[in-house]
Each structure stands twice: as structure tokens, then as C-alpha cells.
Amino acid sequence: MYLFKEIARLQEALEQEKTAGRRIGFVPTMGALHEGHISLIRTARSVSDIVVCSIFVNPTQFNDPKDFELYPVTIKEDILKLTGAGTDILFLPSVNEMYPEGVNAKHRYYDFGYLETVLEGAYRPNHFQGVGVIVHKLLEAVQPDDLFMGQKDYQQCMIIKRLLELTAIPSKLHICPTLREEDGLAMSSRNMRLDPRARQIAAQISQTLRYVKQNVRSIPFPDLKQNAAKQLQNAGYQVDYIEIANADDLALLNEPVAGEMVALAAAKLGEIRLIDNMIIAKP
Ligand code: PAF
């Protein structure tokens, strides 16, 4: 695996591959890699000639500075995992390399519309602008044919879909299934920060989403959401939201619709905020 820290060096190397007609697949990450990330690399491996992964903990997408400071950094382990999964290129830029204009400079504004006003958008002001800025920069650096992202961050995937439209970047977005621990907890870098007691409770978020999914056509939505929130609270979670939305546009629903729906939740165990979602397929 080659490691580049500068955009110019990365692009020189990729230019040769592109000229040779090779298909470039890209997996952007913030490191602290787990099996969920590795499954993205494997999927990228299966459709791309060259697999590029980036590790960059992006300061502009953290609305909570403490969350940024405490974000786990495990570069040595990440490099071993990426090598083992057959990654060709790791892009590991510095903050200066990605933000030569300064992190606090005025960045481009992306009109994500309604998508930025609900759920994560409502609870994490400016988060998706930060995601937009960095993913746009990374896509300009790598110019991949294919881009791989995890369904665990459902709303982020929709934001990136919109970003590709807004910027007319022709990369194809592949949304890959969420990987779960044995007890159902969605894999996430933040899980590393759960203490043993919190880790024991954590899987309740997926159990509650499964409860919502199983009862979506039998219990009225207001009751269903209230029961779900209670389940999480009883387990020890502090709930930000538990919602059922239209899977295509994230319009929040008060009753079932004929198309695909998605149940989404965000809740905190102490300081650690977890999110998860489950698709509710059409009947
Ligand atoms: O999902 C993530 O890890 C990040 O939000 C991303 C897409 C790498 C942008 O920093």
C-alpha cells in the first residue's frame, strides 16, 4: 500500500492509473477503522482496479469541539487493517493540506435544502456543511469513478448524493449495508469510547429500531415512537430522536406509506452519541 500525505503526489500517482484505464474506487473515512470500514474497502476492491482510502478527522464537521478532541485516532492499527484488506493507496493529509485557506475561513455553502434541517441536521448545526466541504475537497483530489459509503450514516449518504448533483461530480455513489456486532450494535468508531457498562446497554438502539420495524403497520406512529423512546430511556439512553421517514427524501411520517420507509434514531449513553437506522421495505 502506498501512503500519500499531499494532494499533488496523490494525483501524480492516480494520473498514471487513470491513463492506464484503471477504475478508481474511493472510501473516505475518519480512521479508527472497524469491520464496517473494512467491508467498504472489500466492496470497493470487488468493483475497482485501484482502491483509495482516506483518513482525515475533519474539524469542520464537529459541532461539538469536545467530540473532535476525543475522536479516536488509531493510525498504526488502521494501516495494518487497510493493508490486510488490499487497499492500494492511503491518503493521510494534514489539516493544512486540506484547509490551506484555514479551518475557520468562510467555506463554500452547499444548498442541501430540507435534508439539512431535520434529524442530524437539526441536532448538529453545520455538521453537514462540514461534511460537504471535506467530501468535495476529497473528491476533487481523488476524482474516483466509484465512491463507497456506509448506510449507517443514512442521512450523510443522502447529503453526499445531493453534493454529487450540486457539484456535477460524476463519481458513482455505492451505499453499503451497515455491519453489526453480534448483539446488533451498529459498528461505529464511537463504540470504542463506550465503557463496559455502556457497551452492554448500547445494543438497545438496534433492538428498538427492530421493534419499530416489526410494528410499523400495527401500531399508530405517535404511540410507536413514544414506546420506542421509552425503551431507550429505560435502558439508560438519553434520546435525541426516534423517527420514521420516507426512505427517498427523509420526509418525516405520521403514518405508514406504500413506499420504502426508514426508522432512524440518535441517542446518548453518557457523553457518547450513537446513531442507527433500519430500512423498512415496501410491503
Ligand atoms: O463518515 C465519515 O467518516 C465522515 O463523515 C466522512 C464522510 C469521511 C467525511 O469526513
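Scroll up for the structure.
Keep in mind that this is a model prediction, so the values were computed, not measured.

Attention shifts here to the overall build of the chain. Of the regular secondary structure elements, the chain holds 11 helices and nine strands. Within the span of the chain, comprising 283 residues, buried residues form 54% of the whole. Within the chain, contacts between residues at least 6 apart in sequence are counted, and of these 72% link residues at least 24 apart. Carbon and sulfur atoms make up 50% of the accessible area of the chain, which totals about 13300 Å². Positive and negative charge centroids in the chain, built from 31 and 35 side chains respectively, lie 2 Å apart.

This paragraph deals with the site of the ligand. All residues in the neighbourhood of the ligand are listed as Pro28, Thr29, Met30, Asn58, Gln61, Ile134, Val135, Met149 and Gln156. About the coverage of the ligand: the protein hides 89% of its 290 Å² of free accessible area. Only strand 2 (24-29) and helix 7 (127-142) provide two or more residues apiece to the shell around the ligand. Residue classes in the shell around the ligand are distributed as five nonpolar, four polar and no charged.

Turning next to the sheet that holds strand 8 (residues 261-269). Across a sheet, strands are paired by hydrogen bonds formed along the backbone, either parallel or antiparallel in direction. If you walk across this open sheet you meet the three strands as 7-8-9, and the pairing is antiparallel. Only two strands of the sheet have a single neighbouring strand rather than two, namely strand 7 (238-246) and strand 9 (272-280). On average, each strand axis in the sheet is tilted by 10° relative to the strand beside it, whichever way the strands run. With eight bridges joining them, strand 7 and strand 8 adopt antiparallel strand pairing. For Val239, the partnering residue across the bridge sits in strand 8 and is Ala267. Relative to the sheet, helix 10 (residues 204-215) contacts strand 7, strand 8 and strand 9, its axis offset from that of strand 9 by approximately 25°.

Rules behind the numbers
Residues numbered from 1 in each chain as written. Predicted model: local features only at pLDDT ≥ 70, side-chain atom pairs only at ≥ 80, totals over all residues. Heavy atoms only, no water. Helix = DSSP H or I, 4+ residues; strand = E, 2+ residues; numbered from the N terminus. Buried < 20%, exposed > 50% of the residue type's maximum accessible area, 1.4 Å probe, protein only. Contact = heavy atoms within 4.5 Å. Areas by Shrake-Rupley, 256 points an atom, 1.4 Å probe, with all protein chains shown as cover. Lys, Arg positive; Asp, Glu negative; His and termini not counted. Charge placed at Lys NZ, Arg CZ, Asp CG, Glu CD. Near = heavy atom within 4 Å. Nonpolar A, V, L, I, M, F, W, Y, C, P; charged D, E, K, R; others polar. Pairing = 2+ DSSP bridges. Axes fitted to C-alpha atoms, helices over the stretch in contact; angles between N-to-C directions.

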